[in-house]
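These are the residues of each chain, in order.
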Amino acid sequence: MNQPLAYVHPGAKIAKNVVIEPFTTIHNNVIIGEGTWIGSNVTIMEGARIGKNCNIFPGAVISAVPQDLKYNDEDTTTEIGDNVTIRECVTINRGTTDKMKTVIGNNCLIMAYCHIAHDCIVGNNCIFSNNSTLAGHITVGDYVVLAGMTAVHQFVSIGNHAFVTGGSLVRKDVPPFVKAAREPLSYVGINSVGLRRRGYTTEKIREIQDIFRILYQKNFNNAQAAEIIEAEMEATPERDEILQFIKNSHRGIMKGYFKSN
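For the protein chain, the name recorded in an unreviewed UniProt entry is Acyl-ACP--UDP-N-acetylglucosamine O-acyltransferase, with Algibacter miyuki as its organism.

K.L.:
Quick question: what am I supposed to make of unusual backbone geometry here?
P.N.:
Residues other than glycine predominantly adopt negative phi, and peptide bonds predominantly adopt the trans conformation. Residue Pro184 follows Glu183 across a cis peptide bond; omega there is 0°. Despite not being glycine, Asn107 has its phi angle at roughly 60°, a positive value. Within the secondary structure layout, Asn107 lies in the loop between strand S14 (101–104) and strand S15 (109–110). The phi dihedral of Asn219 is positive, around 60°, even though this residue is not glycine. Since its relative accessible area comes to 80%, Asn219 is described here as exposed.

K.L.:
I would appreciate a short explanation of the side chain of Thr96 in the present structure.
P.N.:
Mapped onto the elements of the fold, Thr96 is located in the loop between strand S13 (91–93) and S14. For Thr96, a relative accessible area of 5% puts it in the buried group. A distance of 2.6 Å separates polar atoms of two side chains, one belonging to Thr96 and the other to Asp119. In this view, Thr96 contacts Pro66, Asp68, Tyr71, Glu74, Thr76, Lys101, His118, Asp119 and His137; residues no more than four positions away in its chain are not counted.

K.L.:
What should I look at first to understand the UniProt feature "domain: Mannose-1-phosphate guanyltransferase C-terminal" (unreviewed entry) in the protein chain in this one?
P.N.:
Annotation from UniProt places "domain: Mannose-1-phosphate guanyltransferase C-terminal" (unreviewed entry) at residues 6–99. Between the end C-alpha atoms of residues 6–99 the distance is 32 Å, and the span holds 0% helix and 34% strand.

K.L.:
Help me understand the pairing of strand S10 (residues 61–64) in this model?
P.N.:
Every other side chain in a regular strand lies on the same face of the sheet, so the side chains alternate between the two faces. Bridge count for strand S7 (residues 43–44) against S10 is two bridges, and the pairing is parallel. Note on S10: the bridge partner recorded for Ile44 is Ile62. By the bridge criterion, three bridges tie S10 to S13 in an arrangement that is parallel. Residue pairing in the sheet places Ile62 in a bridge with Ile92 of S13.

K.L.:
Explain the pairing of strand S26 (residues 178–181) here, please?
P.N.:
As judged from the two bridges shared by strand S24 (residues 163–164) and S26, these two strands associate in the parallel manner. Note on S26: the bridge partner recorded for Phe163 is Lys179. Taken together, the three bridges between S26 and strand S27 (residues 186–190) define a ladder with antiparallel strand orientation. Bridge pairing in S27 places Val178 opposite Ile190.

Here is what the cut-offs are and how they apply
- Residues numbered from 1 in each chain as written.
- Predicted model: local features only at pLDDT ≥ 70, side-chain atom pairs only at ≥ 80, totals over all residues.
- Heavy atoms only, no water.
- Helix = DSSP H or I, 4+ residues; strand = E, 2+ residues; numbered from the N terminus.
- Buried < 20%, exposed > 50% of the residue type's maximum accessible area, 1.4 Å probe, protein only.
- Polar contact = N/O pair within 3.5 Å; in protein donor to acceptor, adjacent residues only side chain to side chain.
- Contact = heavy atoms within 4.5 Å.
- UniProt positions renumbered as here; feature names shortened; annotations may be inferred.
- Pairing = 2+ DSSP bridges.

Structure below.
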């Protein structure tokens, strides 16, 4: 249902049952899937690819050009999966020559005033609370929760099932399955509540806890801890995921519990 007070460029490809409320602007080279609702005063710019059954609330700006001085008008995209809710005044920029796209997975909730910059890759089933901000080139796994007013440094990676507490400054990579809090951001345990909600057994949660005890509570450096984990812990998908994350970290993983004087 295309309201007469909305503007849709003739070059946009909109599924027949998409609802577009008044005063919304949809530019050329945009694709929007079935069942999506777009509220009033939304701006969807060139290169947007929006999936099925999404909800985009008033004031959001999707696929604007990157806030990157190196951007040179290259043909890039913003790709948003199915069943994604984007609340008021969220901004999501399209990619640059680094990845050529910014990606949001399926079943994500992006709350009001969040910003997701160019070349970010966000997994499925993520929740970003109000005012969370991702700089460019960030990778976020599946089932990640960022509490309100979290700010993530460019090129950081956040692993699957991680939880980052509100008001955090994320300067280092956050491994999968953990809770991150305090300043500077530190390991404060594993995300046991989230893991239980997603069907992880008590035995599996204990296994993950044992791995992180070696990494964060035994006074080993990361390389030593990784060697011990690989040698002493049974090979499981979770163990291998943690080891691979440590190996692939470019910025270095966050530290263990930090106690101020």
